[in-house]
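Topology and contacts: notes
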Amino acid sequence: METPSLNEAKKRTCNKVNIIRNFKIDDSLKNIGKNKKYLVKTYGCQMNERDSENISAILEGMGFKKAIDLNDADLVILNTCAIRENAHNKVFGMLGRLKHIKQKRPLLIGLCGCMAQEEIVVEEIIKKHKYINFVFGTHNIHKLPNILKKCIDSNKLEVEVWSKEGDIVEDIPIKRENKYKAWVNIMYGCDKFCTYCIVPYTRGKQRSRLKEDIINEVENLVKEGYKEITLLGQNVNAYGKDIENYNYDFSSLLKDVAKTGISRIRFVTSHPWDFTTQMINTIKEYNNIMPYIHLPVQSGSNKILKLMGRKYTRESYLSLFKSIKDNIPNVSITTDIIVGFPNESEEDFNDTLSLVQECKFDLAYTFIYSPRVGTPASKMVDNISLSVKEERLQKLNDLINKYSKLSNEKLLNKTVSVLIDGYSDKEGMLSGYTDTNKLVNVKAPKEYIGKIIDVKIIDVKTWSLTGEIIK
Ligand code: 5AD
Ligand code: SF4
């Protein structure tokens, strides 16, 4: 097992993507989990949430039942994230808790996801965390039944990572967490190689699923009564570019998905570089494509964007932003921003603040730069002190929050369409999301769960809205 270097990772091509079909759990493995309970703990992004739905279904196919909590579980799998150092720390914190439980009673512990693809993590596990039973990578989920069998039989640590990156595995069983909203992968991996980002190394090169497989999955979801799907990929709008002579891009896919008649379509994440005018026209044309776009900018400074390898400038981002706003009525646009990237001067940071002032994002996810081993940025000097990074983050968040509240205030006394998808954290209320992806709490009977209803907004906060049903 070896994490590839930047050059090796870039060189790998996936022209010969191998599609594995007809996944099956061998009959001899179907009783391994009889009378045992499992828990999958998911860290990080939607991609991991989606993978965990596969892992749960595989485990149930092997006879395991879902545990209520850690104390109730015979098997715990941590599906990990590697994007920033604090994601690592959370996982190692949880491993400490699991070790403690395992000192008192039998417990199988597995680790998968992006951390499992990092050579330094696996080395550390082999040396220092001998109580872990198995580790499998993001490309090896379909191997789980055999990995589990081997590690139960041998009572030794089983590691299966990076073995074959080029595969796309169709037909892995899935246990969806939500009855009304579903994740649909359209691609795996990423070819962008932003200099700070570990994803191209942990998830591999971009591999798009075939359109027929995606449409088929969506059509089945419609038949099962799903109301909303989110098309998932690290870089959804580069869909199809990795398949030679494909002649079918993300905009074509959006159209075909819209024609399935599913009530709501979302997609994450879009890269500004691959955002086309056709996409804007398609979103405008189909009512069931939601007017919500997550468009990470990362920085407002051209110098920093260049160092980050983002392939666009502040000016081209702003022009794309304007074009989206001008063409798609009531569209909401959210973003990701990193502060404290190497060499980010006060002036560079001010460029980010002024871009935020110009865009007035509906919401932004903000992060302190975290060097990741193996990425080009980790070789740059991390020369911004933590206190400056924290100060910048605070300043940025204050500005972002101001605009989030302002964008919510525009909805006061307006009617919005909400897919009610469950109980709210607020007592006696249900909650759901507007077509622009804003969280709404509504006083309504539980029969409304799973329905798309019109709601009048009667109160607004920074991150949520309160509404009442229109009779
Ligand atoms: N440090 C901080 N933030 C990062 N992100 C990705 N890599 C890093 C890193 N090394 C952020 C980016 C990306 C989001 C998912 O996480 O903003 O869009
Ligand atoms: Fe990472 Fe996104 Fe850049 Fe890909 S496009 S390298 S996932 S930040």
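Rules used in this analysis
- Residues numbered from 1 in each chain as written.
- Chains lettered and ligands numbered in written order.
- Predicted model: local features only at pLDDT ≥ 70, side-chain atom pairs only at ≥ 80, totals over all residues.
- Heavy atoms only, no water.
- Near = heavy atom within 4 Å.
- Polar contact = N/O pair within 3.5 Å; in protein donor to acceptor, adjacent residues only side chain to side chain.
- Areas by Shrake-Rupley, 256 points an atom, 1.4 Å probe, with all protein chains shown as cover.
- Helix = DSSP H or I, 4+ residues; strand = E, 2+ residues; numbered from the N terminus.
- Nonpolar A, V, L, I, M, F, W, Y, C, P; charged D, E, K, R; others polar.
- Buried < 20%, exposed > 50% of the residue type's maximum accessible area, 1.4 Å probe, protein only.
- Contact = heavy atoms within 4.5 Å.
- Pairing = 2+ DSSP bridges.
- Domains from an automatic or database assignment.
- Buried area = accessible area lost by both parts, 1.4 Å probe.
- Salt bridge = Lys/Arg side-chain N within 4 Å of Asp/Glu carboxyl O.
- Axes fitted to C-alpha atoms, helices over the stretch in contact; angles between N-to-C directions.
- Phe/Tyr/Trp six-rings, centres within 6.5 Å; stacked < 30°, edge-to-face > 60°.
- Lys NZ or Arg CZ within 6 Å of the ring centre and 35° of its normal.

**Focus: the site of ligand 1**
Taken together, Ile 83, Arg 84, Tyr 196, Gln 298, Asp 336, Ile 338, Phe 367, Ile 368, Tyr 369, Ser 370 and Arg 372 make up the full set of residues near ligand 1. Contact distances for ligand 1 include 2.7 Å between an oxygen atom and a side-chain N or O atom of Gln 298. Between ligand 1 and Ser 370 there is a distance of 2.8 Å, counted from a nitrogen atom to a backbone nitrogen or oxygen. Summarising the interface, the protein chains cover 86% of the accessible area of ligand 1, which totals 400 Å² for the free molecule. Counting only elements with at least two residues in the shell around ligand 1, the list comes to β15 (332-339) and β16 (363-368). For the shell around ligand 1, the residue count by class is 6 nonpolar, 2 polar and 3 charged.

**Structural notes on the side chain of Asn 441**
Within the element layout of this structure, Asn 441 appears in strand β19 (residues 439-443). Residue classification places Asn 441 among the buried positions, given a relative accessible area of 5%. Excluding anything up to four places from it in sequence, Asn 441 contacts Ser 424, Lys 426, Met 429, Leu 430, Ser 431, Ser 464, Leu 465, Thr 466 and Gly 467.

**Looking at the pairing of β15**
For β15, a buried count of 8 out of 8 residues is recorded, marking the element as mostly surrounded by other parts of the structure. Side-chain alternation along β15 places Ser 332, Thr 334, Asp 336 and Ile 338 on one buried face and Ile 333, Thr 335, Ile 337 and Val 339 on a second face that is also buried. Across 3 bridges, the pairing between strand β14 (residues 292-294) and β15 is parallel. Looking across to β15, one finds that Ile 293 is bridged to Ile 333.

**Looking at the domain arrangement of the protein chain**
Once the domains are mapped, the protein chain shows domain 1 (6-160), domain 2 (168-409) and domain 3 (415-469). Between domain 2 and domain 3, the contact holds 21 residues from the first and 20 residues from the second. Carbon and sulfur atoms make up 56% of the surface buried where domain 2 meets domain 3, a total of about 1,700 Å² over both sides. The largest share of the area that domain 2 buries against domain 3 comes from Tyr 180, Arg 264 and Asn 408, three residues that together contribute 36% of it. At the junction of domain 2 and domain 3, the tally comes to 2 salt bridges. Notably, a salt bridge pairs Asp 362 with Lys 438, separated by 2.9 Å at the nearest N-O pair. At the junction of domain 2 with domain 3, the criterion picks out 12 residue pairs in polar contact (both at pLDDT 80 or more).

**Quick look at the sheet that holds strand β4 (residues 75-80)**
Strand order in the open sheet formed by 6 strands is β3-β2-β4-β5-β6-β7, and the pairing between neighbours is parallel. Pairing within the sheet leaves two strands with one partner each, and these edge strands are β3 (65-66) and β7 (158-160). Across 5 bridges, strand β2 (residues 37-42) lies against β4 in parallel orientation. From the neighbouring strand, Tyr 38 faces β4, where its bridge partner is Leu 75. Against the sheet, helix α2 (residues 46-61) touches β2, β3, β4, β5 (108-113) and β6 (134-136), its axis set at about 170° to β2.

**What about the packing of aromatic side chains?**
The description of an aromatic ring pair rests on the distance of the ring centres and on the angle between the ring planes. Per the stated rule, a full pass over the model turns up 11 aromatic pairs. Taking 5.1 Å as the distance between ring centres and 65° as the angle between the ring planes, the aromatic pair formed by Phe 341 and Tyr 369 counts as edge-to-face. With Phe 341 in the loop between β15 and α12 (346-359) and Tyr 369 in the loop between β16 and α13 (386-409), this pair connects stretches of sequence that are 28 residues apart. Each member of the pair Phe 341 and Tyr 369 is classed as buried. Chaining the aromatic ring pairs together yields one cluster made of Tyr 312, Tyr 317, Phe 321 and Phe 361. Lying over the aromatic face of Tyr 248, Lys 211 brings its terminal NZ or CZ to 4.4 Å of the ring centre.

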